[in-house]
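Below are the chains, spelled out letter by letter.
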Amino acid sequence: MSAVSAVSAGAVRDGRPRWRPCAGQDVPAGMECAGVEVPVDWSRPRGRTVLLEMARLPATEPARRIGSVLGVPGGPGARGIDNLKDVAGDLTELRRRFDLVAYDPRNTVWRDRMPAVCKEPAATLSVPGDRKAYDALVAAMAKGFDACRKADRTGLFAHMDSLSVARDMDAVRAALGEEKLSFMANSYGGVTSAAYARLFPRRVRAVYLDGVINQTRGFPDQTMMTLRLAEKAFGEFTRWCATTPACALHGQDAGALWRELIANADREPIPVTSAQFGKGELTGAHLRFYGFDPDPGPDHSGWLAFAGSVERARRGDGSGFAETAIGNARVWTMPGVLAMTCADGRGYTGYAHMRQVGRQVGRQARQQAPNLGEVFFDGLGCTGWPLPVVNPPRPLPVRGLPPMLGVGSVRGDYAWTESFTSMVPGSVTVAYDGPGHALYLMHKKCPVRHATAYLTDLTLPAPGTVCPAE
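Starting from 1, residues in each chain are numbered consecutively following that chain's sequence as written. Totals for whole chains, interfaces and linings use all residues, but because this is a predicted model, local features are given only for residues with pLDDT of at least 70 and pairs of side-chain atoms are given and counted only at 80 or more. The side-chain values count all of the structure's non-hydrogen atoms but skip hydrogen atoms and water molecules.

**Student:** Just to check I follow, could you spell out the overall build of the protein chain for this structure?
**Tutor:** Only runs of H or I of at least four residues qualify as helices and only runs of E of at least two qualify as strands under DSSP, and these elements are numbered from the N terminus. Per the secondary structure count, the protein chain includes 16 helices and twelve strands. The C-alpha atoms of the protein chain give 23 Å as radius of gyration, which agrees with the globular expectation for 470 residues (23 Å, within 12%). Taken over the C-alpha atoms alone, the protein chain extends approximately 65 × 50 × 45 Å along its principal axes. Buried, partly exposed and exposed residues are distinguished by accessible area as a fraction of the type maximum, computed with a 1.4 Å probe on protein chains only: under 20%, between the cut-offs, and over 50%, respectively. Looking at the protein chain as a whole, 57% of its 470 residues qualify as buried. Residues count as neighbours in contact if any of their non-hydrogen atoms are within 4.5 Å of one another. Pairs at least 24 apart in sequence give 74% of the contacts found in the protein chain among residues at least 6 apart. In short, Shrake-Rupley with a 1.4 Å probe defines the accessible areas, and a residue's cover is counted only from the protein chains shown. Here the protein chain has roughly 19700 Å² of accessible surface; of this, 50% comes from carbon and sulfur atoms. Positive charge is attributed to Lys and Arg, negative charge to Asp and Glu, and no charge count is given to His or to the chain ends. A charge is said to be at NZ when it belongs to Lys, at CZ for Arg, at CG for Asp and at CD for Glu. Taken together, the 55 basic and 47 acidic charged side chains of the protein chain have centroids lying 6 Å from each other. With C-alpha atoms as the basis for the radius of gyration, the globule rule is written as 2.2 Å multiplied by the number of residues raised to the power 0.38.

**Student:** What am I meant to see in the state of the cysteines here?
**Tutor:** Each disulfide is one covalent bond, formed between the sulfur atoms of two cysteines. When two cysteine sulfur atoms lie within 2.5 Å, the pair is treated as a disulfide. Applying the stated rule across the entire model yields five disulfides. The partner cysteine of Cys-22 in its disulfide is Cys-33, sulfur to sulfur 2.1 Å. Between Cys-22 and Cys-33, the disulfide has an S-S torsion of 100° and is therefore right-handed. Remark: Cys-33 occurs in strand S2 (residues 32-39) and Cys-22 occurs in the loop between strand S1 (20-21) and S2; sequence separation between them is eleven residues. Taken individually, Cys-22 and Cys-33 each receive the classification buried, so the pair is uniform in this respect. One disulfide in the model links Cys-118 with Cys-148; its S-S distance is 2.0 Å. Handedness here is read from the sign of the S-S torsion; for Cys-118 and Cys-148, about 105°, the answer is right-handed. Remark: Cys-148 occurs in helix H4 (residues 131-151) and Cys-118 occurs in the loop between helix H3 (106-113) and H4; sequence separation between them is 30 residues.

**Student:** Can you help me understand H4 in this one?
**Tutor:** Residues spaced three or four apart along an α-helix point in a common direction, a consequence of the helix completing one turn every 3.6 residues. Under the 1.5 Å per step criterion, the end-to-end length of H4 is 30 Å for 21 residues, consistent within 8% with the ideal 30 Å. Among the residues of H4, the N-terminal cap falls to Asp-130, whose side-chain oxygen and the backbone nitrogen of Lys-132 are separated by 3.3 Å. To estimate how far a helix should reach, multiply one less than its number of residues by 1.5 Å. Distance and chemistry together define a polar contact, namely a pair of N or O atoms within 3.5 Å, with one atom able to donate a hydrogen and the other to accept it when in protein, and with adjacent residues in sequence counting only for side-chain atoms on both sides.

**Student:** Help me understand unusual backbone geometry in this model?
**Tutor:** With the exception of glycine, the majority of residues adopt a negative phi angle, and the majority of peptide bonds are in the trans configuration. Cis rather than trans, the peptide bond between Gly-75 and Pro-76 has omega equal to 0°. Looking at the secondary structure, you find Pro-76 in the loop between strand S4 (67-72) and helix H1 (80-87). Non-glycine residue Asp-299 carries a positive phi angle of around 55°. Following the sequence through the fold, Asp-299 ends up in the loop between helix H9 (284-290) and helix H10 (301-314). By relative accessible area, Asp-299 is classed as exposed at 75%. Phi at His-443 is positive, roughly 65°, even though this residue is not glycine. With respect to the secondary-structure elements, His-443 resides in the loop between strand S11 (428-433) and helix H16 (445-457).

The following block contains the structure:
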């Protein structure tokens, strides 16, 4: 349950929310809470329902109020209300003309209520080398999904796709009494945004997209974009290491040592023990996908740690990579976590599809990102998914959609966001010249200024606009 609770406020009555002062700690002054009930299964509108919590900060200049701006959180499963609490102080200019509204999506409700069995990894995630290994992974994941589905008492397991989440968004819009919706989306919220635009294009007033994934082009495509940027950062790392005596790989060819480590781990995985996740193995795929962080960190602390981890791993001690690699490999086989993405087409349709991606995108990844080229892990956990993929990647019809504003970090998610905004004529994506992800949630002032101007006046900055690093 969120620290800001809407339970006492009740649900919508007579088509309007029953707003009450929010209870809980660290609540911004003036924040009000309510709830809206939505069908668990939108194909059965009179069936079982789930209560979604909402919060709002009313416009401070009500006589000049334009409408509401809804926050669309990422994750999936992040708490929109917590996001609003955190950034309310940064959005005071936007709040002059708008009610700032947040909600906790059904993903959040599911995360709070999912049975324990849904949190148990169903397999040890690694890239299947042949059909037999792939079929074994399918069987293990199918068993895990089946156990999770049987234990689910909410009915949500089968209805976590982004089309359902988008329909919930429209229920929030209707409850707010808005003819059209303005919203700010971050990260996986881009998948929800695309689903909403697909279903309700005439109900979109304005969309601010901050570091969003563009699911319409497929997850391997987005992974490839990330790899290109990460490979560029890896080149920066090797040049930094060559001129920095404190780097554990200084005086050696850091790139060659990393590639040698990956090749050796592909032939003979490195046994490791994670304090949090227990025992596991590091394959080359684990290292390529989870080993290197493009963000150097304060005073290059992240890259110093990475170089030290590489040096120790070359001697058989992979502990520096254990928490991230094993942790992610476990999370991406947890049925309850995967239920929030598999119906959006994150997985592969079968062994032949996985092989096709390996030949096409995988070859491209190895050519353009030789130090980091791995594309399989994103979707392997969804093998064995027992339900239809109701929201598969496909082109987004853009007729009727307004120009959108995107912002992304040139070190990470700019390419994702730009691939989304480029679909909609007249849209602009601002480049943030520094590291980061979901920048308005990181309290970056320049992106917030552009978002405020756009959402208020529907004016976009000039193409090519850059926000300096803060």
